[in-house]
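Here's the letter readout for the chains.
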Amino acid sequence: MPRSTVLLSLALLGALAACTRATATPAATAVDEPARLAARAERVLIRRDDWGIPHITAPTDADAVFGMMYAQAEDDFMRVARNYLVTPRRLAEAERERPLARAVRARLWVHDDSLRARYRRSPAPMRALMDAWADGLNWYLATHPATPRTITRFEPWMPLAFTEGSIGGDIEGVALEGIRRLYLAPGGTGRGQVRDTTTVASADDARAAVRHDSVPGGSNGFAVAPARTAAGHALLLHNPHTSHYFRSEARIRSDEGLDVYGASTWGQFFVYQGFNPRLGWMHTSAYPDVVDEYRETIVDSAGARWYRYAGALRPVRVERVVLKVRTTAGLATRTVETYHTHHGPVTRAENGAWIATRLMDRPIEALQQSWGRTRARTLAEFKTVMALQANSSNATVYADADGTIAYFHPNFVPKRDVRFDWTKPVDGSDPATEWQGIHAFDEMPNTVNPRIGWIQNTNNWPYSAAGPTESPKPADFPSYMDRIGENPRGIHAMRVLDARRDFTLDRLRDAAYDSELTAFEPLVPALLRSYDALPAGDRRRAALAEPVALLRAWDRRSDVASVATTVAIAWGDELFRRAARGAAAARVTVYEHMAGGVGDSARLDALAAALDTLTARVGTWRTPWGEINRFQRIANTIEPVFDDAKPSLPVGFASARWGSLASFDARRGNRTKRNYGTYGNSFVAVVEFGPRVRAKAIMAGGQSGDPTSPHFADQAAGYAGGTLRDVYFHEEELRGHVRETYRPGQRRR
C-alpha cells in the first residue's frame, strides 16, 4: 500500500494537545505531540484478516508496539482501560467505595511515584517500548470519541504496574478482609488501628484453599517431541483457561527482527501465549510458595511504633496513602496510614501481632522477561531471558524448531530455611527466616527433552510433567516448590499424550479436546457402591434407580446429547460443595474426600438434591448436556449478561474441575434456566515447528468487543465445536485474506 499523508483537522490537533496538558513526559510535550504521533502512525501498517485479527508491521519494535496498542484499543478499549484501572489502583475512582480495600492492597506495594521512578531507571530499550505503548493508546484517544472512565491519558510508566499476562498475580493471595479490618474499619480514622483479625482468611488459608477446597484455574500446555509426530517436527498446544474475552490476538512484525504471533492480555504490549518462527511458549498458572508472611512483634514506645528484629527494635515505616473515591456526590479523597517492616507491608493483625507479607517486587525485570521471550530464537536465548528471575507464578511449556521440548518452573522462587513451616506466618524477629536469595535454574524442577517424548502441565505439580518415571522427584526439592499436587486434568493429559506416536496438528487438537472426564473415574464407582449397599426397602432405591442406571452405563465422556453428563456434573457439583469444608479439615483434596471420606448417605443425598435442582430449573433432570451447557455472546460487558430467549450454542466439553482438558465453566444468568460459559478455553492454538512454522487457532467469541462488528462472535461456532481455523503467519498465507489495510487513525468505516 502506498504511503499516504495523514490529514489532521485542527479540532483533532486541539483535542490531542488538550489531553497532554500537565502530565506530559520527556517523550512528548503538548506543543509537538500531535505532529509527532501523526508521523509515528505513518510508519505503521495494520492489516486485518478475514477474522478481524490485526497483522502489524513497522520499521522498529517500538513502532510495532505503537500499532499493536492502537489495534487493541480499536478492538476493545473498555477492557484495555479496565485493566489499567485495576492495576494502577484507580478502580475506587470508577466504581465507588466497593473496591477500596483492593486499592489499599495495591498501594501497599507500589504507587504511581515509585512506578515513575522505576520507569526512569529502566533500560533505554524498555523505555522506548513503554513510550510507544503510551503513544499508541493516546493516539487512539485522540482519533476516537471514546471516553475512558478515569484515564484521560496513558503514561509510559503504567506498563510497570502490569508486567505478566494474568491480572493480579501474587498479590491476589493477600486477603482483602484483613486489609479492610486493619485499615478501613467502620468508625475508624483510617490510621491503621491494631484491630485483631484472627477470624479473617489469611494467605495461609488461601494456600490451603488452592490445595484442599477449590479447583485451580488457568490452562493446559502440551509439547510433543519430533519422535512422537508424523512429520518429525515438535508440536505445541496453547490452551489457556481464563475468563472469556480476556485476551486479544495479533501478529506483530518489525524490520528489527520482531516476528511474533499469539494472544496478549488487553492493555499489554507483549504476546503472553504465542510463538515466533523458531519457538513457542505456553504459560500455565503454577503454585510454588512464593508469598511469605512474617509475624511481627510490635512495641509502642516514645510515641512511635517499633518491631522486634534480631534482639533489637526497628521503627515501623508509616506511609500515607491518598485515594480518590467515587461517591454519590462525586470524587472524594480518603487518606489511609499504612505500616511497613523490612519484610513488607502489614496486611492484617492476628493474635496480638501484625502480619507483614513479602512477595516478588521486580516490575522492570518482569517486563523485560515478558518482552524478551518473544524475541528469543533458541533455547539458549530463552534461558537467558529466564535468568532475569522475575516470573513467580507461571510455569512454561516450551517447544522449538530444533526439536527441543521442555517444562520450566517459575523462575522466581526464594530460597528458605526448610526448618520452618512456610505455609504459616514465621517469626519476623528471627533473622533465620529471611530469604536467602533466589533458586537458580538448575535448582528448579525443570524437565528438558525427556525420553518419553512429551511434556504436559495442567496447573498440576511439576513432578508429572513427563509422566511418573521421567519427571523430577518431589524428594529432591524443598516442599515449597509446589503446593498443589496432581489434578484430574494432569491424569487425563498423560493418557492422551502417551496414547500415540503419530501426532499432527489435528491429532494434537483431538487430544486437547478429548472428552473423558477423569475425575469421575473413582467417584461414580463410589456412588454405585453406595447405592448397591442400600437395603431392599430403602425408598432411595426406587427414587434413584433410573439416574443410577444411567451413570452405571456411562462411559465418563461428555457430549452435547448425553443426559448422563448432565446428571454426573450436577451431582458432582453438589457433592463438591458439600465436601469442601470436610476436605479442608482433613487436609486432603476434595476429590479424595468425595471418593473416600464422605459416607454413603452423603453421596446419595447429593444425587437426590442435584436431580431436584435440575427438575426445578429446566423441568426435568433428563436433559441432554448441550441443552443446559451453552455459549452465548450478546453484549460486551465485564459482568456477562445472558438471555435464554436469544441465540446460543451447545457446548460438549465441561468444567476443568472434572478433568475435562477443554474447559468450559458455565453458570446461570440472573433470570436464565440454562448455564452459560464465562471461563475456560479462551485462546486455543496448535503449532508445528517445521522448516516453516504452521498453526491453527480459535478464540472465544471473536476478536472485537463491538457487538456491531462482524468479528464480535464470528468464531463462536468454531469455539463451541472445537474447530480451529488456520493461522496466517506467513505473507503467502495472509495473501487473499486481507479485508482491511490502513495506518493508525485512517481506518475507514
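Residues numbered from 1 in each chain as written. Predicted model: local features only at pLDDT ≥ 70, side-chain atom pairs only at ≥ 80, totals over all residues. Heavy atoms only, no water.

**Topic: the overall build of the protein chain**
Link 1 in the chain: Each helix and strand counted, the protein chain has 23 helices and 30 strands in total.
Link 2 in the chain: Looking at the protein chain residue by residue over its 749 residues, the buried ones come to 59%.
Link 3 in the chain: When contacts within the protein chain are restricted to residue pairs at least 6 apart in sequence, those whose partners lie at least 24 apart make up 70%.
Link 4 in the chain: When the accessible surface of the protein chain is totalled, it reaches about 28700 Å², and 52% of it is carbon and sulfur. (Helix = DSSP H or I, 4+ residues; strand = E, 2+ residues; numbered from the N terminus. Buried < 20%, exposed > 50% of the residue type's maximum accessible area, 1.4 Å probe, protein only. Contact = heavy atoms within 4.5 Å. Areas by Shrake-Rupley, 256 points an atom, 1.4 Å probe, with all protein chains shown as cover.)

**Examining the sheet that holds strand S3 (residues 220-224)**
Link 1 in the chain: On the basis of which strands lie adjacent, the open sheet formed by six strands has the order S22-S3-S4-S27-S28-S29 and antiparallel pairing. The open sheet is flanked by strand S22 (454-457) and strand S29 (725-726), the only strands paired with a single partner.
Link 2 in the chain: Sheet topology places strand S28 (residues 693-699) next to S29; two bridges connect them, and they run antiparallel. Bridge assignment links Lys696 to a residue of S29, and that residue is Asp726.
Link 3 in the chain: The strands that helix H13 (residues 488-498) touches are S3 and S22; relative to S22, the one it contacts most, it runs at about 160 degrees. (Pairing = 2+ DSSP bridges. Axes fitted to C-alpha atoms, helices over the stretch in contact; angles between N-to-C directions.)

**A few points about the side chain of Asp292**
Link 1 in the chain: In this fold, Asp292 is placed in strand S10 (residues 292-296).
Link 2 in the chain: In this structure, Asp292 is in contact with Ala356, Thr357, Arg358, Arg416, Trp422 and Trp435, ignoring residues within four places of it in sequence.

**Notes on the sheet that holds strand S14 (residues 317-327)**
Link 1 in the chain: Here six strands make up an open sheet; going across it, the order is S14-S15-S16-S17-S10-S20 and the pairing mixed. The open sheet terminates on both sides in strands that have one partner only, identified here as S14 and strand S20 (426-427).
Link 2 in the chain: In the sheet, S14 pairs with strand S15 (residues 330-341) via 11 bridges, with the strands oriented antiparallel. Its bridge partner being in S15, Val318 is matched across the sheet by Tyr339.
Link 3 in the chain: Across the sheet, helix H5 (residues 100-109) is in contact with S14, S15, strand S16 (344-350) and strand S17 (353-358); its angle to S14 comes to roughly 145 degrees.

**Overview of the packing of aromatic side chains**
Link 1 in the chain: In the structure shown here, the tally under the stated rule is 30 aromatic pairs.
Link 2 in the chain: Between the NZ or CZ atom of Arg416 and the centre of the ring of Tyr480, over which it lies, the distance is 4.1 Å.
Link 3 in the chain: Between Arg633 and the ring centre of Tyr245, over which it is positioned, the NZ or CZ distance is 3.9 Å. (Phe/Tyr/Trp six-rings, centres within 6.5 Å; stacked < 30°, edge-to-face > 60°. Lys NZ or Arg CZ within 6 Å of the ring centre and 35° of its normal.)

**Quick look at the packing of helix H7 (residues 124-143) against helix H10 (residues 363-375)**
Link 1 in the chain: The N-to-C vectors of H7 and H10 enclose an angle of 80 degrees; their axes lie 11 Å apart at closest approach. When the axes of H7 and H10 are compared, the pair comes out roughly perpendicular. Contacts between H7 and H10 involve Met126, Leu129 and Met130 on the former and, on the latter, Leu367, Gln368 and Trp371.
Link 2 in the chain: Taken together, the residues that form the contact of H7 with H10 break down as five nonpolar, one polar and no charged. (Parallel < 35°, antiparallel > 145°, perpendicular 65-115°, else oblique. Nonpolar A, V, L, I, M, F, W, Y, C, P; charged D, E, K, R; others polar.)

**Here's the deal with the pattern of salt bridges**
Link 1 in the chain: Counting across every chain of the model gives 55 salt bridges.
Link 2 in the chain: Between Glu521 and Arg556 there is a salt bridge, and its shortest N-O distance comes to 3.8 Å. Residue Glu521 is found in helix H15 (residues 520-532), and its partner Arg556 is found in the loop between helix H17 (545-553) and helix H18 (563-586); the two are separated by 35 residues along the sequence.
Link 3 in the chain: On the basis of relative accessible area, Glu521 is assigned to the partly exposed category, the value being 31%.
Link 4 in the chain: The salt bridge involving Asp573 is made with Arg657; its shortest N-O contact spans 3.3 Å. Placement of Asp573 in helix H18 and of Arg657 in the loop between strand S24 (649-650) and strand S25 (664-668) is noted, with a sequence separation of 84 residues between them. (Salt bridge = Lys/Arg side-chain N within 4 Å of Asp/Glu carboxyl O.)

**Digging into the packing of H15 against H18**
Link 1 in the chain: Their axes nearest at 12 Å, the elements H15 and H18 cross at an angle of 90 degrees. Regarding the angle of H15 to H18, the classification is roughly perpendicular. Facing Phe520, Leu523, Val524 and Leu527 of H15, the residues of H18 in contact are Ala568, Ile569, Trp571 and Gly572.
Link 2 in the chain: Class assignment of the residues belonging to the contact of H15 with H18 gives a composition of seven nonpolar, one polar and no charged.

**Brief notes about the pairing of strand S26 (residues 675-681)**
Link 1 in the chain: Most of S26 is tucked away, with six of its seven residues classed as buried.
Link 2 in the chain: The pairing of strand S5 (residues 241-243) with S26 spans three bridges and is antiparallel. Each residue of the ladder has a partner; that of Thr242, found in S26, is Gly680.
Link 3 in the chain: Note: S25 against S26, five bridges, orientation antiparallel. Paired with Ala666 across the two strands is Gly677, which belongs to S26.

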